Protein chains: 2
Amino acid sequence: MYQINILIVEDEEKLRKLIKKYLFLEGFHVHEASNGIEALKIFDTETIDLVVMDVMMPFKNGYEVSKEIRKTSQVPIIMLTARSAEDDKLQGFDVGIDDYVTKPFSTRELMARIKALLKRTNVTSTNEKMQFGVLSIDTGARRILVDGEDMTFSPKEYDCLMYFVDNANQALSREQILNRVWGFDYFGDDRTVDTVIKRLRKKMGIEGDRIQTVRGVGYRFEV
Amino acid sequence: MYQINILIVEDEEKLRKLIKKYLFLEGFHVHEASNGIEALKIFDTETIDLVVMDVMMPFKNGYEVSKEIRKTSQVPIIMLTARSAEDDKLQGFDVGIDDYVTKPFSTRELMARIKALLKRTNVTSTNEKMQFGVLSIDTGARRILVDGEDMTFSPKEYDCLMYFVDNANQALSREQILNRVWGFDYFGDDRTVDTVIKRLRKKMGIEGDRIQTVRGVGYRFEV
DNA sequence: AAATTTCGTCATAATTTTGTCACAATAATT
DNA sequence: AATTATTGTGACAAAATTATGACGAAATTT
């Protein structure tokens, strides 16, 4: 499946690696640049779906880089800034910054912002058609057929199934599922997952038992 | 469905890519040329519905290229010029330039001019007659029949339906619909889409439920 | 400029989704 | 076999999302 590409532009290596790690854990494909020049080079040669960039950088600051990027692209940009002065923000939005995160920030906050922005700007994975027994999934149509019948899956059910499909034959803990499908900022019962699984299995009909219980851990989608 | 083909002739790559990006977002199929020779070559081999061309270019300037094109075609041409002197404009119209945009211009202005010119010169997506159950669409006449009855669709309704038809069986988010039907520079409520959908469904009669709600996302037109 | 149509927003209704809980069922352990 | 831990499931109410009618502003036509 197609992975979403994110470019991190941050001169402070520790912070860059930290962000990279969390983005990686969220399933993104991550590109790194430690300065603006490098960033623009990568941006020109790679397909980038979203940019996370520090304002303060040697050579070229974040705003200048954004301005360059905006000449050719409407890619979503999130700016990291140490200062939180109002005029700073205004300047940012002028250059077409889509969102703003003030340091220090929690990785959780940053992840939330990134996901929200991706959603807002409609960056999604490509259209695919998949088949598992009598279960057909058409991601472009966001439609699922069971035994040829159109089955309506709720957003949570759909997202959950997608997560399973993307990680077929892997045992996924409830926590992992919660993190990915509900978002890492979700504070709810682990067992919520069980309920969605129950509904999924039911709707999937005969293919329902592709979702195996992994006792003490969570679930596994088998292909 | 047939996409409108636009040829951009501009030697400055950054600007060319920028225009391309915006045209793409508006749903056009875009061809690029960085000079007059290349432009003529593409014009000969591709079907081009409209040309956007810079006057100032190496080798052959915009007027010369236009003259060449006019020998065989009445394709609408928009000229980009840095100078705004009157004689310039006159010379342009002499060679059969249809419209004129002076640099620097906003992408919004250029898009508006392009759309206006397409409308003026009656370039529409080809005349097609489509049938979906009792719903007949004649894009050439911009007319829709429901159950044999002539039904009047408002511009928004019509455009929206066309977007659906062009992307049949695809889940389209409200944002995507807004971007394409209302234009990327529209800042309004997501829910506006719902209202047009409501009106569409009503006018489409029995075929109204070809427009399916995709919960948490938007809508899908099913064929 | 008057009349008509279109369009966006809002309030409210209708519908669907979702999380939790209680209890049943099942598996693991003693 | 009994006990304990874990998972399955139906029910239900709250929350979220979508449908719809109404209304006035804006645009278009007459």
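Nothing here was measured: the structure is a model prediction, and the numbers come from that model.

**Here's the deal with the protein's contact with DNA strand D**
Every one of the 24 residues lining DNA strand D counts as a neighbour, but T213, G216 and Y219 of chain A together with T213 and Y219 of chain B are closest to it. At the protein interface, 57% of the atoms of DNA strand D within 4 Å belong to sugar or phosphate. Contacts to DNA strand D include K198 of chain A, whose side-chain N or O atom sits 2.8 Å from a base nitrogen. Within the backbone of G216 of chain A, one N or O atom sits 2.7 Å away from a phosphate oxygen of DNA strand D. Broken down by secondary-structure element, the contributors of at least two residues to the surface near DNA strand D are α8 (192-203) and β11 (211-214) of chain A together with α8 (192-203) and β11 (211-214) of chain B. Taken together, the residues that form the surface near DNA strand D break down as six nonpolar, four polar and 14 charged.

**Points about the packing of aromatic side chains**
Inspection of every chain in the model, using the stated rule, returns four aromatic pairs over all chains. Each ring, one from W182 of chain A and one from Y186 of chain A, has its centre 6.2 Å from the other, and the planes form 45°; the classification is tilted. According to the relative accessible area criterion, Y186 of chain A is partly exposed, its value standing at 32%. When the ring of F132 of chain B is compared with that of F221 of chain B, the centres are 5.3 Å apart and the planes differ by 90°; the resulting orientation is edge-to-face. Here the residue F132 of chain B occupies a position in strand β6 (residues 129-132), and F221 of chain B occupies one in strand β12 (residues 218-221), the gap between them amounting to 89 residues. Under the relative-accessibility criterion, F132 of chain B is labelled buried at 12%.

**As for the pairing of strand β2 (residues 29-33) of chain A**
Regular strands place side chains that alternate from one sheet face to the opposite one. Residue and element names in this part refer to chain A. Counting buried residues in β2 gives four out of five residues, a clear majority hidden from the surface. Across five bridges, strand β1 (residues 5-9) lies against β2 in parallel orientation. Note that in β2 the partner of I8 across the bridge is E32. Viewed along the sheet, the connection from β1 through helix α1 (residues 13-25) into β2 turns out right-handed.

**A few points about the confidence of the model for chain A**
With 88% of its residues at a pLDDT of 70 or more, chain A has an overall mean of 84. Of the regions scoring below 50 in pLDDT, residues 85-93 of chain A engages in eleven contacts with residues more than four places distant in sequence or in other chains.

**Notes on the protein's contact with DNA strand C**
Around DNA strand C, 20 residues are found, and the nearest of them are S154, W182 and R199 of chain A together with S154 and R199 of chain B. Each atom of DNA strand C within 4 Å of the protein was assigned to sugar, phosphate or base; sugar and phosphate come to 63%. In this structure, R199 of chain A approaches DNA strand C through a side-chain N or O atom, which is 2.6 Å from a base oxygen. Here a phosphate oxygen of DNA strand C sits 2.2 Å away from a polar atom, N or O, in the side chain of S154 of chain B. Elements that contribute at least two residues to the surface near DNA strand C include exactly α6 (155-166) and α8 of chain A together with α6 (155-166) and α8 of chain B. Residues of the surface near DNA strand C, tallied by class, amount to six nonpolar, six polar and eight charged.

**A short note on α8 of chain A**
Residue and element names in this part refer to chain A. With twelve residues, α8 extends 17 Å from end C-alpha to end C-alpha; this agrees with the ideal 16 Å at 1.5 Å per step. Considered for burial, the residues of α8 that qualify are V193, D194, V196, I197 and L200. Along the long axis of α8, the arc covered by the buried residues comes to 165°, so they all point the same way. Buried residues along α8 sit in contact with α6, α7 (174-182), β11 and β12 (218-221). Taken from the residues just after α8, G205 is the one with a positive phi, measuring 60°.

Analysis parameters
- The residue numbering used here restarts from 1 in each chain and proceeds along that chain's sequence as written.
- Chain A is the first chain written and ligand 1 is the first ligand written, with later ones labelled in order.
- Totals for whole chains, interfaces and linings use every residue, but because this is a predicted model, local features are given only for residues with pLDDT of at least 70 and side-chain atom pairs only at 80 or more, for both listing and counting.
- Just so you know, side-chain values use all the structure's heavy atoms and leave hydrogens and water out.
- Nearness is defined per residue: one heavy atom within 4 Å of the molecule or strand is enough.
- Think of a polar contact as two N or O atoms within 3.5 Å of one another; within protein, one of them needs to be a possible hydrogen donor and the other a possible acceptor, and neighboring residues in sequence only count if both atoms come from side chains.
- Here a helix means four or more residues in a row that DSSP labels H or I, a strand means two or more in a row labelled E, and each is numbered from the N terminus.
- Nonpolar residues are Ala, Val, Leu, Ile, Met, Phe, Trp, Tyr, Cys and Pro. Charged residues are Asp, Glu, Lys and Arg, and all others, Gly as well, are polar.
- Each Phe, Tyr or Trp ring, with Trp reduced to its six-membered ring, pairs with another whose centre is within 6.5 Å; inter-plane angles below 30 degrees give stacked pairs, above 60 give edge-to-face pairs, and intermediate values give tilted ones.
- Relative accessible area decides the class of each residue, using a 1.4 Å probe on protein chains only: under 20% of the type maximum gives buried, over 50% gives exposed, and in between gives partly exposed.
- Two strands make a pair as long as DSSP finds a minimum of two bridges between them.
- When the strands point away from the viewer, a crossover counts as right-handed if the route from the first strand across the helix to the second turns clockwise.
- pLDDT runs from 0 to 100 and stands for how confident the predictor is about each residue.
- Throughout, a contact is declared for two residues whenever any of their heavy atoms are within 4.5 Å.
- An expected span of 1.5 Å times one less than the residue number is assigned to each helix.
- Each C-beta atom gives one direction from the helix axis, and the arc is the one those directions make.

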